Amino acid sequence: MSSPILAPAAVLIAWSMIMWGWLLVTRIGSFKAAGVDLKTAKKGARGSDLEAVLPPEVMWKAHNYNHLMEQPTLFYAVVIILALAGYGEGLNAQLAWGYTVLRIAHSLWQATINTVPVRFLLFLLSSLCLIALSLHAVMATL
């Protein structure tokens, strides 16, 4: 099965892996300067425990990666629904690309500059794309 709406979902998945790599390289690179030694890390320690140890600019990548594991999961589901229902072309594919491009822009902004007003605007615009896709999925399946 091929549907144009699947491409932006695949791109966003690939982007999520790029963000994972970026956070990993940035985080590991800053461990020595922060005095973090993984060999002596407390049992059960979590990435969020690094908030007080690593600089905010390092943590921004991790925050964004976490964000990419939240709302985009709904995007993947709605894309699959629309593709299976035969509504993965035209406006829906364009909305999916809009969502993907806006989420990538959100990632780049949050990982580098991270001012809230712009980040919120990018999130809002991507959410509007997702809302439209969700409504179209409901209409396609009822």
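Just above sits the structure.
These figures come from a predicted structure and were not determined experimentally. (Residues numbered from 1 in each chain as written. Predicted model: local features only at pLDDT ≥ 70, side-chain atom pairs only at ≥ 80, totals over all residues. Heavy atoms only, no water.)

Enquirer: Could you clarify how one ought to interpret the overall build of the protein chain in this entry?
Expert: For the protein chain, the count of helices and strands is five helices and zero strands. Seen through its principal axes, the protein chain has C-alpha atoms that stretch 55 × 30 × 20 Å. By residue count, 37% of the 142 residues in the protein chain fall in the buried class. By sequence separation, contacts in the protein chain at least 24 residues apart represent 81% of the contacts at least 6 residues apart. Split by element, the accessible area of the protein chain, about 8200 Å² in all, is 70% carbon and sulfur. (Helix = DSSP H or I, 4+ residues; strand = E, 2+ residues; numbered from the N terminus. Buried < 20%, exposed > 50% of the residue type's maximum accessible area, 1.4 Å probe, protein only. Contact = heavy atoms within 4.5 Å. Areas by Shrake-Rupley, 256 points an atom, 1.4 Å probe, with all protein chains shown as cover.)

Enquirer: I tried to follow the packing of helix α3 (residues 72-85) against helix α5 (residues 116-141) on my own but got confused; where do I start?
Expert: The description of two packed helices rests on the angle between their axes and on the distance between the axes. Contact geometry for α3 and α5: axes closest at 9 Å, N-to-C directions at 35°. In terms of crossing hand, the pair formed by α3 and α5 is left-handed. Contacts between α3 and α5 involve Leu 74, Phe 75, Val 78, Ile 81, Leu 82 and Ala 85 from the first element and Leu 130, Leu 133, Ser 134, His 136, Ala 137, Ala 140 and Thr 141 from the second. For the contact of α3 with α5, the residue count by class is ten nonpolar, three polar and no charged. (Axes fitted to C-alpha atoms, helices over the stretch in contact; angles between N-to-C directions. Left-handed = near helix turned anticlockwise from the far one by under 90°. Nonpolar A, V, L, I, M, F, W, Y, C, P; charged D, E, K, R; others polar.)

Enquirer: Sorry, what's going on with the environment of Val 11 here?
Expert: With respect to the secondary-structure elements, Val 11 resides in helix α1 (residues 6-34). It is 9.6 Å that separates the C-alpha atoms of Val 11 and Ile 104, two residues lying 93 residues apart in sequence. Look past the residues within four positions of Val 11 in its chain and what remains in contact with it is Trp 97, Thr 100 and Ile 104.

Enquirer: Whenever I open this one, the environment of Asn 114 confuses me. Can you help?
Expert: Positionally, Asn 114 belongs in the loop between α4 (90-112) and α5. A residue is classified by how much of its surface remains accessible, and Asn 114, at 14% relative accessible area, is buried. Put simply, Asn 114 and Pro 56 are 58 residues apart on the chain and 10.0 Å apart in space, counted from C-alpha to C-alpha. In terms of polar contacts, Asn 114 uses its side chain to reach the side chain of Arg 119, at 2.6 Å. (Polar contact = N/O pair within 3.5 Å; in protein donor to acceptor, adjacent residues only side chain to side chain.)

Enquirer: I tried to follow the nonpolar core on my own but got confused; where do I start?
Expert: Soluble globular proteins: nonpolar side chains tend toward being buried together. By size, the foremost hydrophobic cluster in this structure holds 31 residues, and its most contacted members are Ile 5, Leu 12, Phe 75 and Leu 133. Broken down by secondary-structure element, the contributors of at least two residues to this core are α1, α2 (56-68), α3, α4 and α5. Apart from the residues within four sequence positions on either side, Leu 12 is in contact with Leu 68, Pro 72, Phe 75, Tyr 76, Tyr 99, Thr 100 and Arg 103. (Core = buried A, V, L, I, M, F, W, Y, C linked by side-chain atoms within 4.5 Å.)

Enquirer: In this structure, what is going on with the side chain of Asn 92? I would like to understand it.
Expert: Its place among the elements puts Asn 92 in helix α4. Only 2.5 Å separates the side chain of Asn 92 from the side chain of His 136, close enough to count as a polar contact. In this view, Asn 92 contacts Ile 5, Leu 82, Tyr 87, Leu 133 and His 136; residues no more than four positions away in its chain are not counted.

Enquirer: Would you mind showing me how to read the packing of aromatic side chains here?
Expert: We describe a pair of aromatic rings using the distance from one ring centre to the other and the angle between the two ring planes. Counted according to the given criterion, the structure contains two aromatic pairs. In textbook terms, an aromatic cluster arises when at least three aromatic residues are bridged by ring pairs, as seen for Phe 75, Tyr 76 and Tyr 99. (Phe/Tyr/Trp six-rings, centres within 6.5 Å; stacked < 30°, edge-to-face > 60°.)

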